[in-house]
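A structural walkthrough
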Amino acid sequence: MSTYSTNDFKSGLKIMMDNSPCTIVENEFVRPGKGPAFSRVKYRNLKTGRVIDRTFKSGETVDAADVMEIEMSYLYNDGEFWHFMDDETFEQVSGDAAAVGDAAKWMKDQDKCTVMLWNGSPLTVEAPNFVELEVTDTDPGLKGDTSGGGGKPATLETGAVVRVPLFVQIGEVIKVDTRTGEYSARVKS
Amino acid sequence: MSKQDNKHWPPTCSAALLHKRSELYQSIRIFFSEKGVLEVDTPILSQSASCDVNLDSFSTTFNQRPYYLQTSPEFAMKRLLASGSGSIFQIAKSFRQGESGRYHNPEFTLLEWYRVEFTMADLIEEILELLMNCFNENLSFSSVSYERLFHRYTNINPHEATIEELLAYAASEGNPEMASVCGDSLSNCLDYVFSQYIQPKLKPNLVYIVTDYPVCMAMLAKLSEGLSPTAKRFEVYFSNIELANGYEELTDASEQQQRFQQELEERRDVGADSVPMDRYLLAALETGLPNCSGVALGLDRLLMLMTKAASIDEVLTFPINRA
């Protein structure tokens, strides 16, 4: 396994700390007065999202975390695991609910997701910024109302619920911004 | 050299900064010339090096003999003082291995000056005068002992503190790893606690003159007399940055030799390279260093503060990765 010295530290570097893969958020070299040189580091635990402050003696080494982000196609959910495929190598991986998180409610077969792999297994999954999903349930809107005022809840084919304008009907396909969870536009079929 | 590197030929500082630095050097020269302090020039390369275990010198060879790039011009300037030069100053390039970051470049510029027959208090007064001259305004300042400042923020008396007590304090603040950073050194622990829990909390608009250090942090300073001596050492902090370090200088040759010896032992204990101590300095001290106070001030950091730069690269022409 490769290691990094504090001289290699920079934001974005993936390291192993407390047996978890982490990413360096901030790194500052410190040499106080006539004292020992050290690095003041902020890193985020990629499993829990927690940000931790720690200091490292200058020259101290830590293990590199085998973490990479690749684009993968979402295949299916077997009830417990979500399955993804690398479109280039056709290699398949599966992640549990903790890894997939919020992305689960936006993903549809063949969607291209950004999967962060740690030792080959999904650590986090990001849905595409925009997804197009069919409305499976919503109150029928009033005829002739084309304004967006107020809106109403609509259930989508993946089970996600978003607020949509009153004119949106069951069976229509809408575009949703997955980062905010908000309705973006109606997709003409 | 790759194409990528070729893009890095221009300086990282702006043209305005080139002028700012030039103006600063001119104003410093006028400042000292009006006070009758002589500008001197001493060699950057030396056959001896600082023994301080936390200072790592660059080394090279001449005629198969090792030479070291100075970490500060202190030793050579003290030899001039012992030869009867009178008060002197120098704008000197200095070099420290492994020091690179927002406030550090391995090659940097020090303004170092020595005032014969000045006490620490006299020199502090002159530094404040110089700083106000550089910033062209009346700066608010606070002169405070290391003990008071340390106690105010940590409730610990630094003169009586033990390594265990400081480790426990750091652990309670979320840094149990301080033990591995500082090793078995009380002064390292004090420096760590100061830089982690005190320095960041200082008022940024106030110039702090921190005085009277614990004896274990005396370095090249004289000790005060009395039952509980302190080191006649001071540091200047401004905008939470360490700007200068000064001493009422140790003039006792045998005491100096003992401190060098002790530093070399510390080097051996932690497995650091041994370096030759400066015999010329010791000989000069034996002949007689006049009573004097001296201080080194980081000019790159001073420029950073004067121009509100976020990184030292903004005030350097070519930082180490473009040098």
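That block above? That's the structure.
Rules used throughout
- Residues numbered from 1 in each chain as written.
- Chains lettered and ligands numbered in written order.
- Predicted model: local features only at pLDDT ≥ 70, side-chain atom pairs only at ≥ 80, totals over all residues.
- Heavy atoms only, no water.
- Phe/Tyr/Trp six-rings, centres within 6.5 Å; stacked < 30°, edge-to-face > 60°.
- Buried < 20%, exposed > 50% of the residue type's maximum accessible area, 1.4 Å probe, protein only.
- Helix = DSSP H or I, 4+ residues; strand = E, 2+ residues; numbered from the N terminus.
- Patch = residues over 30% accessible without salt bridge, like charges linked within 9 Å, V, L, I, M, F, W, Y side chains within 5 Å.
- Areas by Shrake-Rupley, 256 points an atom, 1.4 Å probe, with all protein chains shown as cover.
- Salt bridge = Lys/Arg side-chain N within 4 Å of Asp/Glu carboxyl O.
- Lys, Arg positive; Asp, Glu negative; His and termini not counted.
- Charge placed at Lys NZ, Arg CZ, Asp CG, Glu CD.
- Contact = heavy atoms within 4.5 Å.
- Polar contact = N/O pair within 3.5 Å; in protein donor to acceptor, adjacent residues only side chain to side chain.
- 1 Å grid on protein atoms, 1.4 Å probe; cavity = no way out; pocket = protein on both sides within 12 Å on 5 of 7 lines; lining within 4 Å.
- Points joined across faces, edges and corners; volume = space filled by probe spheres on them.
- Nonpolar A, V, L, I, M, F, W, Y, C, P; charged D, E, K, R; others polar.
- Disulfide = S-S within 2.5 Å.
- Axes fitted to C-alpha atoms, helices over the stretch in contact; angles between N-to-C directions.
- Parallel < 35°, antiparallel > 145°, perpendicular 65-115°, else oblique.
- Left-handed = near helix turned anticlockwise from the far one by under 90°.
- Pairing = 2+ DSSP bridges.

Brief notes about the packing of aromatic side chains
All names here are of chain B.
- Applying the stated criterion to the full structure yields 14 aromatic pairs over all chains.
- On the basis of an interplanar angle of 85 degrees and a centroid distance of 5.9 Å, the ring pair of Phe-62 and Tyr-67 is categorised as edge-to-face.
- Judged by its relative accessible area of 16%, Tyr-67 is buried.
- Aromatic pair Tyr-169 and Tyr-197: ring centres 5.4 Å apart, planes at 75 degrees, arrangement edge-to-face. Of this pair, Tyr-169 sits in helix H6 (residues 163-172) while Tyr-197 sits in helix H8 (residues 186-198), placing them 28 residues apart in sequence.

Description of a negative patch on the surface
All names here are of chain B.
- Taken together, the side chains of Glu-164, Asp-184, Glu-265, Glu-266 and Asp-269 make up a negatively charged region of the molecular surface.
- For the negative patch, the element with the highest residue contribution is helix H9 (residues 253-270), accounting for three residues.
- Relative to the helices and strands, Glu-164 resides in helix H6.
- Classification of Glu-164 by relative accessible area gives exposed; the value is 57%.

Overview of the interface of chain B and chain A
- Across the boundary between the two partners, chain B contributes 28 residues, which contact 18 residues of chain A.
- Along the contact surface separating chain B from chain A lie two salt bridges.
- A salt bridge links Arg-102 of chain B to Glu-28 of chain A; its shortest N-O distance comes to 3.3 Å.
- The interface formed by chain B and chain A holds 11 residue pairs in polar contact (both at pLDDT 80 or more) in total.
- Sorting the residues of the side of chain B that touches chain A by element identifies helix H7 (178-182), H8, strand E9 (231-238) and strand E10 (241-248) of chain B as the ones contributing at least two each.
- A per-element tally of the side of chain B that touches chain A places H8 of chain B first, with five residues.

Some words on empty space enclosed by the protein
- All chains considered together, the criterion is met by one cavity of 30 Å³ or more.
- Put simply, the largest cavity is a space of about 40 Å³.
- Taken together, Pro-32 and Gly-33 of chain A together with Tyr-146, Asp-191, Phe-194, Ser-195, Gln-199, Tyr-213, Glu-235 and Tyr-237 of chain B make up the full set of residues lining the largest cavity.
- Mapped by element, the contributors of at least two residues to the lining of the largest cavity are H8 and E9 of chain B.
- Each residue belonging to the lining of the largest cavity can be placed in one class, and the counts come to five nonpolar, three polar and two charged.

A short note on the state of the cysteines
- Scanning all chains against the criterion turns up zero disulfides over all chains.
- Cys-216 of chain B takes part in no disulfide bond, and the closest cysteine sulfur to it belongs to Cys-189 of chain B, at a distance of 9.5 Å.

Focus: the packing of helix H2 (residues 15-34) of chain B against helix H4 (residues 120-135) of chain B
Residues and elements named next belong to chain B.
- The N-to-C vectors of H2 and H4 enclose an angle of 140 degrees; their axes lie 10 Å apart at closest approach. One way to sum up the angle between H2 and H4 is to call them oblique. Note that H2 runs across H4; the crossing there is right-handed. Of the residues in H4, those in contact with Leu-24, Ser-27, Ile-28, Phe-31 and Phe-32 of H2 are Glu-126, Glu-129, Leu-130, Asn-133 and Cys-134.
- Residues belonging to the contact of H2 with H4 are distributed by class as follows: six nonpolar, two polar and two charged.

Side note on the pattern of salt bridges
All names here are of chain B.
- This structure, assessed with the given rule, holds 20 salt bridges over all chains.
- With a shortest N-O distance of 2.7 Å, Glu-39 and Arg-29 are connected by a salt bridge. Within this pair, whereas Glu-39 is found in strand E1 (residues 38-39), its partner Arg-29 is found in helix H2, the two being separated by 10 residues in sequence.
- Residue classification places Arg-29 among the partly exposed residues on the basis of a relative accessible area of 34%.
- Between Arg-259 and Glu-255 there is a salt bridge, and its shortest N-O distance comes to 2.9 Å. Here the residue Arg-259 and the residue Glu-255 both occupy positions in helix H9, the gap between them amounting to four residues, near one helical turn.
- The exposure class of Glu-255 is partly exposed, given its relative accessible area of 26%.

Some words on the layout of surface pockets
All names here are of chain B.
- In this model, the largest pocket occupies a volume close to 1400 Å³.
- Looking at the largest pocket, it is lined by 50 residues, and the ones nearest its centre are Asp-52, Val-53, Asn-54, Leu-55 and Glu-266.
- Contributions of two or more residues to the lining of the largest pocket are made by H7, H8 and H9.
- Here the lining of the largest pocket gets nine residues from one element, more than from any other, and that element is H9.
- Residue composition of the lining of the largest pocket, grouped by class: 17 nonpolar, 17 polar and 16 charged.

Brief notes about the sheet that holds E10 of chain B
All names here are of chain B.
- Overall, mixed pairing links the eight strands, which are arranged E1-E5-E6-E11-E10-E9-E8-E7 in an open sheet. The strands lining the two open edges of the sheet, one partner per strand, are E1 and strand E7 (140-145).
- Alignment of strand E6 (residues 107-116) against strand E11 (residues 292-298), held across seven bridges, turns out to be antiparallel. Within E11, the position partnered with Leu-111 by the bridge is Leu-297.
- Strands in contact with helix H5 (residues 146-154) are E7 and strand E8 (206-213); relative to E7, the strand with the most contacts, it is inclined by about 95 degrees.

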